[in-house]
Structures are given as C-alpha cells and as structure tokens.
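Tertiary structure, described
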Amino acid sequence: KKRKKKKKKNERSHTHNNKDVWNRKYDDGSDILDIGSRKAEMQRGRRHRANKMMSSMTMAAAAPPTQFDVPNVSDPALYCRSNFASACGNSDAAQTVKFAKGTTTLAFKFNGGIIVSVDSRSTMGAYIASGTVQKVIEINPFLLGTMAGGAADCSFWERNLGTQCRLYELRNGKRISVASASKLLANTMSSYRGYGLSMGTMVTGWDETGPQLYYVDDDGTRLKGKYFSVGSGSTYAYGVLDTHYRDDLTVEEAIDLGKRAIYHATHRDAASGGINNLYHVTKEGWIKVHAIDVNDMHYQFKEERESGMAN
C-alpha cells in the first residue's frame, strides 16, 4: 500500500511539473489552442511593438543629435545674454564666459573670380589651442564659407547650411545661388539671435549671375560687397587690401594679394598665424591654390624686401 501511494504521489507531482513547464512556456497567451485566434494575434502585435520600441530607443541613443541644445532654464535667451554674450572691450567685463577671439579671414572679388584666404590658428586668449584649423568650409564644389568667431558655432551652422543647400538642389534640380545660401544662413542666425552665438562668416561662390560674396554674422546681418575681412587681424588685412586691391588684378596678382594680406595680419596680430590656406573660385568651381606656413612667407618677403633695397 505504501509503495502504491508513493507511486501515485510521484505521478501527480510529475504531471504538475509538466503543467508548470507548459504554462511557463506559453504564459504569453500563445497556447496551442490559441493559434490563429484573436488573442494570439493581439499578443504577437504587442510583442512586435515592444521590440520595435526598444530598437528605436537603441538607435536614438546611438544617433547624433538633430537639434541645437539650449540651456535648460525658464528663459534660455536671457540666460545666454547674461552669461555668454559675445562682445568686445568693457562689455565683456560682467560676463561669466568671456570670448577671447582671434583669427584673420578675407575674401575679395576681381575680374578673374574670387580669392578666399585665411589663417589656421585657433586661440583661447593667450593660449594657442591649434595651428591647423581648417577655416574654409567647402559647402559644395561651387560654394565656400569662412569661419571667424566661435569655432564650434561656425563649423556646426555652416555644415548645416551645406545640408540645406543639398536639399534645395535635390528638390529643385539645380544648384542654389550664393544669395539664397547666404540668406538661409542669415535666417538661421536671426532665429538664434541673443542665444550667445559667435560668428562672423563669409559665404562666397559662383552661380548663374557670376561671382558673389556675402558677409553674414551671428546677429543675422547680411551684407554684399567686393571684399571683406573678418577677425582680430582684419584691420591689418584691410590695410593691405585697401592699398593694393583693383578689379583688374591678374590671377597671379590676386593670389599674391591674398597671401600678403594674411601674412601682414599674422605678423602683427598674435591671435592669427599658422598656415595660409588660399582658394580661387571660378565658374568651373573652387580650387585650393596653396597651404603655406606663414613663417616661410615671412622669410620669403624679407628676402624680397632686402633685395629690393639693395637694388
């Protein structure tokens, strides 16, 4: 009797365990009797949506940000004006973060196209952060932008401009004009006015109307002109441009003028220096003419001056 009772107990326990396994295996509602039923379809859809949500959350975490972050306060504009405003002289005295800017960029139109000439030094006050910054943004094969001010601001928003220009080209089947590209950037800057951006850029290129040159800054200001220079060394560059600029310069003379203007600015302005990157824009597009160390130019021009004095 005892053996029979024990055997029956083991059989009941075994059956109960099998039932538990069955229930655990199909606890999501996918019972063998539910196949093809509405309940099974609902459970399957619920699992699919959960997996899709997890996948999208993983992709969102890995993807780069798609919008510009602002301070997490009730009034971001007031906070930026109070702590990050870009100003000069005594206006910066009360700022928590003081912008210590330094660069020299220039561009000018002439009969043979457009010359864009920049230095490559990045500074934080007296500290030289880098000597090899690429301050010319190659927006597309016919359009260039220059960087002066905050490196991050200029780099981000001019690359954003490149995206907008490409979208325009895909939608309309033709290249965007320089005027329209500069207007897009000016509109973006206007929408972020007062948020502490620091930008002084030139947008230049060749379109259906010929060579065009525009200046755009962080206030949304947009100016059209024959030549501009932006940065802490711009006053020295303007001195050279005002003295030697002509509409009828040859290509060689224009390249030499762009080179000399940057050299003299870097020689007098401690916040400018490094490499002189020079571009020439024509109706076939832009080409990079040279990248010369300003120290090499110093000795080149010194030899020219000494030989001229000897003669």
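Description of the overall build of the chain
For the chain, the helix and strand inventory stands at eight helices and 12 strands. Burial status across the chain gives 38% buried among its 311 residues. Here the contacts in the chain between residues at least 6 apart in sequence split such that 58% fall between residues at least 24 apart. As displayed, the chain offers around 18800 Å² of accessible surface, 53% of which is attributable to carbon and sulfur atoms.

Quick word on the pairing of strand β8 (residues 210-217)
In terms of burial, β8 is a largely internal element, seven of the eight residues being buried. In this sheet, β8 lies alongside strand β7 (residues 200-207) in antiparallel orientation, the contact comprising eight bridges. Note that in β8 the partner of glycine 205 across the bridge is glutamine 212. Connecting β7 to the next strand, β8, in antiparallel fashion are two residues. Relative to strand β9 (residues 222-224), β8 is paired through three bridges, and the arrangement is antiparallel. Residue pairing for β9: tyrosine 215 is matched across the bridge by leucine 223. Connecting the antiparallel pair β8 and β9 is a turn made up of four residues, with glycine 220 showing a positive phi of about 90°.

Some thoughts on helix α7 (residues 251-268)
Side chains three or four residues apart in an α-helix point the same way, a direct result of the helix having 3.6 residues per turn. Across its 18 residues, α7 extends 26 Å between first and last C-alpha, which sits within 8% of the 26 Å expected from 1.5 Å per residue. Listing the buried residues of α7 in full gives Ala254, Ile255, Leu257, Gly258, Lys259, Ala261, Ile262, Tyr263, Ala265 and Thr266.

Overview of the side chain of glutamate 158
Summarising the element assignment, glutamate 158 is placed in helix α4 (residues 151-172). Arginine 159 provides the closest opposite charge to the buried, unpaired glutamate 158, separated from it by 7.4 Å. Contacts of glutamate 158, omitting those with residues within four sequence positions, involve Ile137, Ile139, Gly145, Thr146, Met147 and Thr201.

Quick word on the nonpolar core
Counting 20 residues, the largest nonpolar core has Leu143 and Leu185 as the members making the most contacts within it. For this core, the secondary structure elements donating two or more residues are β5 (136-140), α4, α5 (178-191) and β8. Beyond its immediate sequence surroundings of up to four residues, leucine 185 is in contact with Trp157, Leu161, Met199, Thr201, Val203 and Val216. In terms of nonpolar packing, the next biggest core, distinct from the first, is built from 16 residues, Phe108, Ile115, Tyr245 and Ile262 among them.

Quick notes on the pattern of salt bridges
Scanning all chains against the criterion turns up seven salt bridges. A salt bridge links lysine 226 to aspartate 247, with the shortest nitrogen-to-oxygen separation between them at 3.0 Å. With lysine 226 in the loop between β9 and β10 (227-230) and aspartate 247 in the loop between α6 (234-244) and α7, this pair connects stretches of sequence that are 21 residues apart. According to the relative accessible area criterion, aspartate 247 is partly exposed, its value standing at 35%. We note a salt bridge from arginine 246 to glutamate 253, for which the minimum N-O separation is 3.1 Å. By relative accessible area, which is 36% here, glutamate 253 ends up partly exposed. What emerges from the salt-bridge pattern is a single network uniting Arg246, Asp248 and Glu253.

Thoughts on α4
Over its 22 residues, α4 extends 31 Å from the first C-alpha to the last, a length consistent with the 32 Å expected when each residue adds 1.5 Å. Here α4 has its buried residues at Asp153, Cys154, Trp157, Glu158, Leu161, Gly162 and Cys165. Projected down its long axis, α4 shows its buried positions confined to an angular sector of 160°, all on one face. Of the residues in α4, the exposed ones pointing more than 90 degrees away from the buried face are Ala152, Leu170 and Arg171. Where α4 is buried, its residues contact β5, β6 (143-146), α5 and β7. Once α4 finishes, glycine 173 follows within two positions and takes phi at roughly 75°, a positive value.

What to know about the packing of α6 against α7
Put simply, α6 and α7 touch, their axes get as near as 7 Å, and they point 145° apart. Two packed elements cross with a definite hand, and for α6 against α7 that hand is right-handed. From α6, Tyr236, Ala237, Val240, Leu241 and His244 reach across to α7, where they touch Leu257, Ala261, His264, Ala265 and Arg268. A per-class count over the contact of α6 with α7 returns seven nonpolar, two polar and one charged.

The rules we used
Residues numbered from 1 in each chain as written. Predicted model: local features only at pLDDT ≥ 70, side-chain atom pairs only at ≥ 80, totals over all residues. Heavy atoms only, no water. Helix = DSSP H or I, 4+ residues; strand = E, 2+ residues; numbered from the N terminus. Buried < 20%, exposed > 50% of the residue type's maximum accessible area, 1.4 Å probe, protein only. Contact = heavy atoms within 4.5 Å. Areas by Shrake-Rupley, 256 points an atom, 1.4 Å probe, with all protein chains shown as cover. Pairing = 2+ DSSP bridges. Expected span 1.5 Å × (residues − 1). Lys, Arg positive; Asp, Glu negative; His and termini not counted. Salt bridge = Lys/Arg side-chain N within 4 Å of Asp/Glu carboxyl O. Core = buried A, V, L, I, M, F, W, Y, C linked by side-chain atoms within 4.5 Å. Arc of directions from axis to C-beta. Axes fitted to C-alpha atoms, helices over the stretch in contact; angles between N-to-C directions. Left-handed = near helix turned anticlockwise from the far one by under 90°. Nonpolar A, V, L, I, M, F, W, Y, C, P; charged D, E, K, R; others polar.

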